[in-house]
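# Tertiary structure, described
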Amino acid sequence: MTDTALLVIDVQNDFCPGGALAVGGGDEIVPGINAAMAEFGAVVLTQDWHPAGHSSFASEHDGKAPMEMIRMPYGPQVLWPDHCVQGTEGAAFHAGLATDRADLVIRKGFRREIDSYSAFFENDHKTPTGLEGYLRTRGISRVVCVGLATDFCVNFSAVDAARLGFEVEVRTALCRGIDLGGSLPAALQGMKDAGVRVV
Ligand code: VGL
Ligand code: ZN
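Residues numbered from 1 in each chain as written. Chains lettered and ligands numbered in written order. Predicted model: local features only at pLDDT ≥ 70, side-chain atom pairs only at ≥ 80, totals over all residues.

Once that is clear, we can look at the overall build of the protein chain. Across its full length, the protein chain carries four helices and eight strands. Beginning at the N terminus, the succession of helices and strands in the protein chain can be written as β-α-β-β-β-β-α-β-α-β-α-β. Scaling as 2.2 N^0.38, a compact globule of 199 residues should have a C-alpha radius of gyration of about 16 Å, and the protein chain matches this with 16 Å. Each principal axis of the C-alpha distribution contributes one length, and for the protein chain these read about 50 × 30 × 30 Å. Within the protein chain, the fraction of its 199 residues that count as buried is 43%. Nonlocal contacts in the protein chain, meaning residues at least 24 apart in sequence, comprise 72% of its contacts between residues at least 6 apart. (Helix = DSSP H or I, 4+ residues; strand = E, 2+ residues; numbered from the N terminus. Rg over C-alpha atoms; globule rule 2.2 N^0.38 Å. Buried ≥ 20, exposed ≤ 12 C-beta atoms within 10 Å, placed from the backbone. Contact = placed C-beta atoms within 7 Å.)

If you want it as C-alpha cells, here you go:
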C-alpha cells in the first residue's frame, strides 16, 4: 500500500511498564506493530520529546498533582508526571521496536510553553509539526494509527488526520490507553464521530 502510512505513536519507555507515565500493557503492542510495518509504503514514528521543566509537568505548577487539569492560554491541559525528557532513557523508543524500518521520526512537545499530543499540530490546534506536508509530498492519502496512548496522542493524531482529509484507521489491538475519568470511551466515540475507522 504505497499510498498508506503506518503512524506509530509514542512507543517510548516512559509510556511502557516501569516508565514515568506507564500505560497498562504498553509494551504488549510492540511485536504486533513490528509485524504490521511490512504492510505499509511508509512508516512514521512519533516521539514525545519534552525539555526539562516542560509546562505540562505537574512539578512546574505549585500545589498541583499529576492528572489534575489546568487552563493554559491554548485551552485545558492535563498535568502529567515528568516524562519523555529529551535525551533520557524514558524518552527512548522501546528497545524492541523496529525503529530501523522507520522513514521518518517526528518529535513533538519540544516547546516548553505548549504541549503537543497530535502528530500533526501542537495543542493550540494551529501550530503544525510538518507531518502533513511530509505525507502529502510523498503521495500518501491513508494513515493507519497505532501506539500510545489511545485516548491522548493516538486520539488527537487520528482526529487531526481525518480533519486534514486523510482516510484514517486506528487499530485498537495495537494501542493501549490511559483512561482518565472516562477518557478512553470518549476518545473512541470522538474518533468515530470524526470519521476515523476504529477497528
Ligand atoms: C502522551 C500524555 C502526555 C501520549 C504524551 O503519548 O499519549 N500522553 N504526553
Ligand atoms: Zn508528553
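Okay, back to it.
We now examine the site of ligand 1. Near ligand 1 the following residues occur: Asp10, Phe15, Asp48, Trp80, Tyr117, Leu148, Ala149, Phe152 and Cys153. Of the residues belonging to the shell around ligand 1, the class tally is seven nonpolar, no polar and two charged. (Near = placed C-beta within 6 Å. Nonpolar A, V, L, I, M, F, W, Y, C, P; charged D, E, K, R; others polar.)

Turning to the environment of Asp151, a few remarks are in order. Position of Asp151 relative to the elements: it lies in helix 3 (residues 150–163). Of the residues examined, Asp151 has 25 C-beta atoms within 10 Å and is grouped as buried. In the structure, Asp151 is positioned 39 residues away from Arg112 in sequence and 22 Å away in space, judged by C-alpha atoms.

The next subject is the sheet that holds strand 6 (residues 142–148). Adjacent strands of a sheet pair through backbone hydrogen bonds, lying either parallel or antiparallel. Here six strands make up an open sheet; going across it, the order is 5-2-1-6-7-8 and the pairing parallel. Each having just a single partner strand, strand 5 (104–108) and strand 8 (197–198) make up the two edges of the open sheet. Pairing analysis gives five bridges linking strand 2 (residues 42–48) to strand 5, with the strands arranged parallel. Within strand 5, the position partnered with Asp48 by the bridge is Lys108. Along the sheet, helix 3 contacts strand 1 (4–9), strand 6 and strand 7 (167–176); its crossing angle with strand 7, the most-contacted strand, is approximately 170 degrees. (Pairing = 2+ DSSP bridges. Axes fitted to C-alpha atoms, helices over the stretch in contact; angles between N-to-C directions.)

Turning to the nonpolar core, a few remarks are in order. Core analysis: the biggest nonpolar cluster contains 51 residues, and Ala5, Leu7, Val8, Ile9, Cys145, Val146 and Ala158 have the highest contact counts within it. When contributions to this core are tallied by element, the ones reaching two or more residues are strand 1, helix 1 (30–36), strand 2, helix 2 (131–137), strand 6, helix 3, strand 7 and helix 4 (183–193). The biggest single contributor to this core is helix 3, with seven residues. In this view, Ala158 contacts Cys145, Val168, Val170, Met191 and Val196; residues no more than four positions away in its chain are not counted. (Core = buried A, V, L, I, M, F, W, Y, C linked by C-beta atoms within 7 Å.)

Okay, helix 3 next. Owing to its 3.6 residues per turn, the α-helix aligns residues three or four sequence positions apart on the same side. Of all 14 residues in helix 3, 12 are buried; the element is thus mostly enclosed. If you follow the buried residues of helix 3, they end up packed against strand 1, strand 6, strand 7 and helix 4. Just past helix 3, the residue Gly165 takes up positive phi, approximately 100 degrees.

Take the environment of Asp3 next. With respect to the element layout, Asp3 can be found in the segment before strand 1. Taking the C-alpha atoms as reference, Asp3 lies 37 Å from Asp82; in sequence the two are 79 residues apart. Those residues in contact with Asp3, other than ones at most four positions away along the chain, are Gly41, Gly139, Ile140, Ser141 and Arg142.

Chain-level pLDDT for the protein chain is 98 on average; 100% of the residues reach the 70-or-more range. Our summary of model confidence lists the complex with pTM equal to 0.98 and ipTM equal to 0.98. (pLDDT = per-residue confidence, 0-100.)

It is worth spelling out the pairing of strand 7 at this point. Moving residue by residue along a regular strand, the side chains alternate between the two faces of the sheet. Direction of pairing for strand 6 relative to strand 7: parallel, over a ladder of six bridges. Paired with Arg142 across the strands is Glu167, a residue of strand 7. On the question of chirality, the crossover connecting strand 6 to the parallel strand 7 by way of helix 3 is right-handed. Pairing analysis gives two bridges linking strand 7 to strand 8, with the strands arranged parallel. Its bridge partner lying in strand 8, Glu169 is registered against Arg197. Note that the unit made of strand 7, helix 4 and strand 8 has a crossover that is right-handed. (Right-handed = clockwise from strand over helix to strand, strands pointing away.)

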